[in-house]
Structure formats: C-alpha cells, structure tokens
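Inside the fold
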Amino acid sequence: MLRRIKSFTSILAILPLAAILVTIITYSASTSNLIILVVLNDKFYNYDFVCKDPGCDSPNKVDWPINILFWNNAEVNKIKSNYWGLEPCWLTAIPRHLKMDDGFGWFWDSDCGTKLFDEPLRIRLCSISADEVHYHMRLYADPEKDYNYNSGWGKYVLAAAHIDDGEGLEDWAGFSELAEDYVAYWGRALGWAVAEDWANFYNNESCRRDDGGSHIWYNNGYATAVKVP
Amino acid sequence: MPGRVLAVSLAAAIVLLAVLLAPAWRTAPLTEAERSASEAPSVAPQPLEAPGKSPSPGLTEEERRLIREIALSHPIVRDLIERAGGYTIIGYTVVTKDGAKVGGDIGFELSKPVWFSGEYTSMYGYRAYDLRAYVDAVSVYVNLECMCVKGIHLSEADVPLEEALNMLEPREARLVENLLEKARNHPEVRELYDKAGRLGGTVTVEYEGLYYKPEKALSLEFRLEATACSQLLKILVDHEGRIIEASKSPARGDASQC
C-alpha cells in the first residue's frame, strides 16, 4: 500500500545557492509540437509554460508536455493529497503555467505541483545514468474551482509530470514518460482506474536537450487518463 | 388573461430554476449513464490546428561516431574510464538550438565507481563545478559546430561516508566530519536517529559529494534500516554548517511504526 508522503524543504541561509538553482530551473526549452487541443467546448495547450505574460504561449517558452488527464471527479488538491502532498513553491518546485479555456474564454493557471523525493529508479536512457529521482507533477485547472468541467470528462484536471535529478545537486530534469508511468502506477495503487497512453496529445519528444539547458525531453505523445472517484 | 399570467409565471419559474440549478449541474460528477462503459474517457481531444510537422532531428551514425571519439578524448573522461577499467555506452541525446541540431550528448557508465577530485564545466548551463565525489557515470556534450566538448556531467555514486573520508585530503575530511555533526543536529535527522533507536534499527550515513562550486556544500544521505521500515533522508549543508535543503523519502514498511 502506498503511503502519504511527508516531504519538506527547510531553507535557512541559501540566497546564493537559490539564485543558482533558480537560474537553472527557469531555463526555458523549445518545441515544434506546441498546439491547442480541443475537447467539446474546452481548449488547452499541450505543454505548460515558464511564464504567463502576454506572448508566453510560445514554442520557445514551454516547460513540459501535458501527459496526464485526471477526470470524472477530479480536483487539484484532492489529487495532491492522494499523491505526494502540496509542494510549497520554493527552490525545488517553482510555479509553471498552463493556458486553458473551460468553455468561457482563455485563462491561465499556475502551480508548483506535488513532489515525491528520493525514490529509487534505475535510469540508463538517452545519455543519462541515475539511480535515485524525484517525481514532480504540476496540476492545472480553473483556479476559482480547482477543476475544469465538460460533459465528456466530468470534473477534470490536466497535469504535466516529469522527473528531477535526485543525485547530488539537482542538475537535470526530464523523462516525462517515466514520470507518467509512475503516476499511473500510483493511481492504480490508490484503486483508481487508469488508462495508460489513452489519447494522443501530439507532444511526442524523442531524447533531446536544448543547448545549455537542463531539460531532457522524452515523451511518447500519448497522455494517460486517471479516473478520480 | 389568467391563463396568460399562469404561462408567464411558469416560464419565469422554469428560467429561475434553470439559473439556480445550472452551477450545480456544471459541477456535478458525471452520472453512470454519462460515463463510458470503459474506464477511459469516451471523448479524446483533437488538435485545433495541424500538429507539428517537423520531427525532432536525430543523430546519424557518423555523428554518433564523431561524438564518441571527441568525448573519449576529453581528459577527464579519458582519466575516469582508464581508472574504472572500462565503460558501457548508455546512449545518445541530440542537442538542439532554436530547433536545429547543434550536437549531441553521450553517456558512459563506468565499470566501477572512481574517485573524482577537481573542476569541470557542467553541460547544464555551463556552470563551473569543483567536486570531490565517487563517480559512476559521465555524460559529455559534444558540439558538432566546433567539434569540441562544451560540458560534461558527472553522476555521483553514493558510498559509505568512511570510504569517502579515506579519499579526501585531511583538512577536507575534517570539514566533512564537522559538517556531519552539524547535520546530525537537524531536527529531522535527530528524529530519524530516535526512530532507529525505538525500532531497534540503524542509521547509516552515505556521502554524495563535497562541492566548492557552484556553491560550497556537502550532500549526505541518512538511511534508516529497521525490521519494521526503512527511510531515506537527504541533507544538503553548506560549509558553514547551515542546512540548505532536507528531503525525506516515504517510509517503506509498516506505516504505523514509521
């Protein structure tokens, strides 16, 4: 049985290091696969973004592919409390943003996500070797309600899951597909129905990194649907 | 006339009811009838415009060969591989700039972890690192425009603290021992030791790395092993002994005891 995670970050005197880490983390990546997806009266982008100012919904301001749909009776905080808790917005989890239309016009939602620290995972993939990772998932929906709604998906929340380097200093992030697999595993352990790689979200990314960046792209383009009871 | 009034009243009542019920209807979960018989949503999203047409560029066999050769000629990589006694190639990652291919990363897994002490340029953000750590893998970014290594990444292997203390210079070993004592005073670390005492378990300390750059920091892991449960606590402490970051994995085993 999976347990509720208690994670914490205690920061005492770290401004120089904070500046360094944030510099790395805020490095934006680029994609040629950014599009708007439509379902019934709703729309959303298939990547989240590093900013939400005018012009941020651009292929050069993307962060991670949207690779999870929580549907049926989903709410952001309900999912976080059943997954890895509410991650405070700080060094290891800074906000990212998704642009959506829940049938009444475009809006942005921002989230720092839910994060599971120091899990063993053997990665020998692309050019990366790791044995310990952090799982990080950001969840997006109308901030006023904490969910979006349409008659096909019920109350739903969109999510972008990825892995953070769990060794030494946190140097790289990526492998969305592996994080998606773990979110699916966790959902099944909760007794929730999971349809892995359920629908094409058109954000397939083979092993790729942007020059100077710490993003390791790796995603098959098909999002997993997790039915929240 | 009364019939007309009745009709108008009825219509107004229906409109009022619809307005009142609308939010409730919109926020209600799907009924069974609305749900698909399967456990996946019945409707999938469609692209509003044509999906991206240009697939990510890959690396040709010739480019992989060049990347491999250039990476293997880098002094740090050559030295690590020589002392490890061999390597296996993990794989390749294409590197792009503004969507165009500019080079590639190659990953080498070393045949055994080897001690590294020195400086290098990280391939992530081109930061300078100064590190003392056991290393079990190295990734190398080779830019195909300059045919040169622009940065590397060393993957730290976790080793028992005593093993690292033997490799560090005496003054560095003293620094690490001093910082370890400071880390042990952190409430979460103390709690882990208390838990170990209560459960009849042990706490072992693993060493990840001592950094002088990009920041002066020491990374340690405290691993609780008991019959009832196990848990991992990672501590990053700066050279003044201040805790920079602490993260705890979920306890594995009997939740009621951990």
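What counts and what doesn't
Residues numbered from 1 in each chain as written. Chains lettered and ligands numbered in written order. Predicted model: local features only at pLDDT ≥ 70, side-chain atom pairs only at ≥ 80, totals over all residues. Heavy atoms only, no water. Salt bridge = Lys/Arg side-chain N within 4 Å of Asp/Glu carboxyl O. Helix = DSSP H or I, 4+ residues; strand = E, 2+ residues; numbered from the N terminus. Buried < 20%, exposed > 50% of the residue type's maximum accessible area, 1.4 Å probe, protein only. Phe/Tyr/Trp six-rings, centres within 6.5 Å; stacked < 30°, edge-to-face > 60°. Contact = heavy atoms within 4.5 Å. Pairing = 2+ DSSP bridges. Core = buried A, V, L, I, M, F, W, Y, C linked by side-chain atoms within 4.5 Å. Expected span 1.5 Å × (residues − 1). Arc of directions from axis to C-beta. Disulfide = S-S within 2.5 Å. Polar contact = N/O pair within 3.5 Å; in protein donor to acceptor, adjacent residues only side chain to side chain. Nonpolar A, V, L, I, M, F, W, Y, C, P; charged D, E, K, R; others polar. pLDDT = per-residue confidence, 0-100.

Turning our eyes to something else, we now look at the pattern of salt bridges. Residues and elements named next belong to chain B. Applying the stated criterion to the full structure yields 36 salt bridges over all chains. Across the pair Lys213 and Glu119 runs a salt bridge whose closest N-O atoms are separated by 3.1 Å. With a gap of 94 residues between them, Lys213 in strand E7 (residues 202-213) and Glu119 in strand E3 (residues 100-121) connect regions that are remote in the sequence. Given the relative accessible area of 33%, Lys213 is considered partly exposed.

This paragraph deals with the packing of aromatic side chains. Residues and elements named next belong to chain A. Under the definition given, this model contains 29 aromatic pairs over all chains. For the pair Trp84 and Tyr135, a centre-to-centre distance of 6.1 Å together with 35 degrees between the ring planes defines the contact as tilted. You can see Trp84 sitting in the loop between helix H2 (76-82) and strand E6 (96-101) and its partner Tyr135 sitting in strand E9 (residues 128-140), a full 51 residues away along the chain. Taking 5.9 Å as the distance between ring centres and 65 degrees as the angle between the ring planes, the aromatic pair formed by Phe175 and Tyr218 counts as edge-to-face. Separated by 43 residues along the polypeptide, Phe175 in the loop between strand E12 (173-174) and helix H3 (176-189) and Tyr218 in strand E15 (residues 215-219) bring together distant segments of the chain. On the basis of relative accessible area, Phe175 is assigned to the buried category, the value being 0%. In this structure Tyr218 comes out as partly exposed when scored by relative accessible area, which is 26%.

What follows deals with the environment of Val226 of chain A. Residues and elements named next belong to chain A. Note on placement: Val226 falls in strand E16 (residues 222-228). Residue Val226 is classed as buried on the basis of its relative accessible area, which comes to 0%. Sequence spacing of Val226 and Gly187 is 39 residues, and the spatial spacing of their C-alpha atoms is 6.8 Å. Non-local contacts of Val226, meaning those with residues more than four positions away in its chain, are made with Ile68, Leu69, Phe70, Trp71, Tyr83, Trp192, Ala193 and Val194.

This part takes up the pairing of strand E2 (residues 42-45) of chain A. Residue and element names in this part refer to chain A. In this structure, strand E1 (residues 36-39) lies alongside E2, joined through four bridges in antiparallel fashion. By the bridge assignment for E2, Leu37 is matched with Phe44. Between E1 and E2, which follow one another and run antiparallel, lie two residues, and Leu40 among them has a positive phi close to 50 degrees. Across two bridges, the pairing between E2 and E6 is antiparallel. Pairing of Phe44 across the sheet is with Met100, part of E6.

Time to look at the nonpolar core. In terms of nonpolar packing, the biggest core is built from 40 residues, with Phe70, Ile79, Tyr83, Trp84, Met137, Val157 and Trp172 of chain A touching the most fellow members. If you list the elements that add at least two residues to this core, you get strand E5 (68-73), H2, strand E8 (114-125), E9, strand E11 (154-165), H3 and E16 of chain A. The leading source of residues in this core is E9 of chain A, at six residues. Once you skip the residues sitting within four places of it in the chain, Met137 of chain A turns out to touch Phe70, Ile79, Tyr83, Trp84, Gly113, Thr114, Ala159, Ala160, Ala161 and Val183 of chain A. One finds Ala164, Ala196, Ala228 and Leu233 of chain B within the second-largest nonpolar core, a separate group that totals 35 residues.

Attention now goes to unusual backbone geometry. With omega at 0 degrees, the peptide bond leading from Lys213 of chain B into Pro214 of chain B counts as cis. Position of Pro214 of chain B among the secondary structure elements: in the loop between E7 and strand E8 (217-225). A positive phi angle, close to 80 degrees, is found at Asp146 of chain A, a residue other than glycine. Inspection of the secondary structure assignment puts Asp146 of chain A in the loop between E9 and strand E10 (148-150). The phi dihedral of Met147 of chain B is positive, around 50 degrees, even though this residue is not glycine. Mapped onto the elements of the fold, Met147 of chain B is located in the loop between strand E4 (128-143) and strand E5 (148-156).

To continue, consider helix H6 (residues 187-199) of chain B. All names here are of chain B. Between the first and last C-alpha of H6 there are 18 Å, a value that for 13 residues agrees with the 18 Å anticipated at 1.5 Å per step. Within H6 the residues assigned to the buried category are Glu188, Val189, Leu192, Lys195, Ala196 and Leu199. Down the axis, H6 shows its buried residues gathered within 115 degrees of arc, on one side only. Across from the buried face of H6, at angles greater than 90 degrees, the exposed residues are Pro187, Asp194, Gly197 and Arg198. Among the structural elements, helix H5 (170-184), E7, E8, strand E9 (229-238) and strand E10 (243-248) are those in contact with the buried residues of H6. Phi turns positive one or two residues past the end of H6, at Gly200, with a value near 70 degrees.

The subject of this paragraph is the state of the cysteines. Residues and elements named next belong to chain A. Throughout the structure, instances matching the rule amount to four disulfides over all chains. Paired by a disulfide, Cys51 and Cys56 hold their sulfur atoms 1.9 Å apart. Between Cys51 and Cys56 the disulfide shows an S-S torsion of about -115 degrees. By sign, it is left-handed. The class for Cys51 is buried, based on a relative accessible area of 16%.

Contacts between chain B and chain A engage 79 residues on the former and 83 residues on the latter. One can count eight salt bridges joining chain B with chain A. One salt bridge connects Lys97 of chain B with Asp211 of chain A, and the closest N-O pair in it is separated by 3.9 Å. For the pair chain B and chain A, the interface holds 32 residue pairs in polar contact (both at pLDDT 80 or more). Across the side of chain B that touches chain A, the residue classes tally to 36 nonpolar, 19 polar and 24 charged. Pairing of E1 of chain A with strand E1 (residues 46-47) of chain B involves two bridges; the strand directions are antiparallel. In the strand pairing of E1 of chain B, Leu37 of chain A is matched with Pro47 of chain B.

Turning next to the confidence of the model for chain B. Low pLDDT means the predicted atomic positions in that stretch should not be read closely. All names here are of chain B. Mean pLDDT over chain B works out to 87, with 84% of the residues at or above the 70 mark. Every residue in residues 14-27 scores below 50 in pLDDT, and together they form seven contacts with partners more than four places removed in sequence or on other chains. Counted against residues more than four places away or in other chains, residues 29-37, with its pLDDT under 50, gives 17 contacts.

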